Amino acid sequence: MIDRYATQPQVNLGRMARFLALIWVGLSFADAVVTYFCLQNIDNVEGNPLARALLSQHEVLFYGAKALVTIGIGMGFWWLSTRTAHLKPMIACQAMLIVLFVLVVANNMARL
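Residues numbered from 1 in each chain as written. Predicted model: local features only at pLDDT ≥ 70, side-chain atom pairs only at ≥ 80, totals over all residues. Heavy atoms only, no water.

A. A look at helix H2 (residues 13-39). With 27 residues, H2 should cover 39 Å at 1.5 Å per step; its first-to-last C-alpha distance of 38 Å lies within 8% of that length. Here H2 starts with a cap whose side-chain oxygen sits 3.2 Å from the backbone nitrogen of Gly-14, and that cap is Asn-12. (Helix = DSSP H or I, 4+ residues; strand = E, 2+ residues; numbered from the N terminus. Expected span 1.5 Å × (residues − 1). Polar contact = N/O pair within 3.5 Å; in protein donor to acceptor, adjacent residues only side chain to side chain.)

In structure tokens form, the structure reads like this:
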């Protein structure tokens, strides 16, 4: 009886962390696209003060910076998923980021 539970496959935390990193990068880019379309309407205003400052300079600057930061954080998550012994806290952080970005994208989609 006990042997049956001992031989069941365990969750590969590294694989889960890499999968969550890809999900977060996809959601971050979806947020950028939805934000772009939302801001085409004159009534919508960017709520993030840093993003608003970058958008006031030039849109390409904002979206370029967002892409670089998203790719950098995604690569950092990917690297940590292969090197760290603290996978559970990292996965918890990724899960919180994914929930945050799902809420942001959903909120922006409601404004379209």
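B. Fine view of the side chain of Asp-31. Structurally, Asp-31 can be placed in helix H2. By relative accessible area, which is 8% here, Asp-31 ends up buried. Beyond its immediate sequence surroundings of up to four residues, Asp-31 is in contact with Lys-66, Phe-101, Val-104, Val-105 and Asn-108. (Buried < 20%, exposed > 50% of the residue type's maximum accessible area, 1.4 Å probe, protein only. Contact = heavy atoms within 4.5 Å.)

C. Local environment of the packing of aromatic side chains. For the structure on display, the rule yields five aromatic pairs. With a centroid separation of 6.0 Å and an interplanar angle of 75 degrees, the aromatic rings of Tyr-36 and Tyr-63 are classed as edge-to-face. Of this pair, Tyr-36 sits in helix H2 while Tyr-63 is found in helix H4 (residues 59-83), placing the two residues 27 residues apart along the sequence. For Tyr-36, a relative accessible area of 32% gives the class partly exposed. Aromatic pair Phe-62 and Tyr-63: ring centres 4.7 Å apart, planes at 70 degrees, arrangement edge-to-face. Classification of Phe-62 as buried rests on a relative accessible area of 8%. By way of ring pairs, the aromatic residues Tyr-36, Phe-37, Phe-62 and Tyr-63 are connected into one cluster. (Phe/Tyr/Trp six-rings, centres within 6.5 Å; stacked < 30°, edge-to-face > 60°.)

D. Highlighting the nonpolar core. Counting twelve residues, the largest nonpolar core consists of Ala-17, Leu-20, Ala-21, Trp-24, Val-25, Leu-27, Phe-77, Leu-87, Met-90, Ile-91, Ile-98 and Phe-101. Elements supplying a minimum of two residues to this core: H2 and helix H5 (87-111). Looking at this core, the element that brings in the most residues is H2, giving six residues. Residue contacts for Phe-101: discarding those within four places in its chain leaves Trp-24, Leu-27, Ser-28, Asp-31 and Lys-66. (Core = buried A, V, L, I, M, F, W, Y, C linked by side-chain atoms within 4.5 Å.)

E. Here's a closer look at the packing of H2 against H4. At a closest axis distance of 8 Å, the pairing of H2 and H4 adopts a crossing angle of 170 degrees. Of the possible angle classes, the one that applies to H2 and H4 is roughly antiparallel. (Axes fitted to C-alpha atoms, helices over the stretch in contact; angles between N-to-C directions. Parallel < 35°, antiparallel > 145°, perpendicular 65-115°, else oblique.)

F. Main features of the pattern of salt bridges. Taken as a whole and judged by the stated rule, the model has one salt bridge. Among the ionic pairs, Asp-31 bridges to Lys-66, the shortest N-O distance being 3.3 Å. Of this pair, Asp-31 sits in helix H2 while Lys-66 is found in helix H4, placing the two residues 35 residues apart along the sequence. (Salt bridge = Lys/Arg side-chain N within 4 Å of Asp/Glu carboxyl O.)

G. Looking closely at a nonpolar patch on the surface. Taken together, the side chains of Val-33, Tyr-36, Phe-37, Met-109 and Leu-112 make up a nonpolar region of the molecular surface, amounting to roughly 510 Å² of accessible area. Broken down by element, the nonpolar patch gets its largest block of residues, three residues, from H2. (Patch = residues over 30% accessible without salt bridge, like charges linked within 9 Å, V, L, I, M, F, W, Y side chains within 5 Å. Areas by Shrake-Rupley, 256 points an atom, 1.4 Å probe, with all protein chains shown as cover.)

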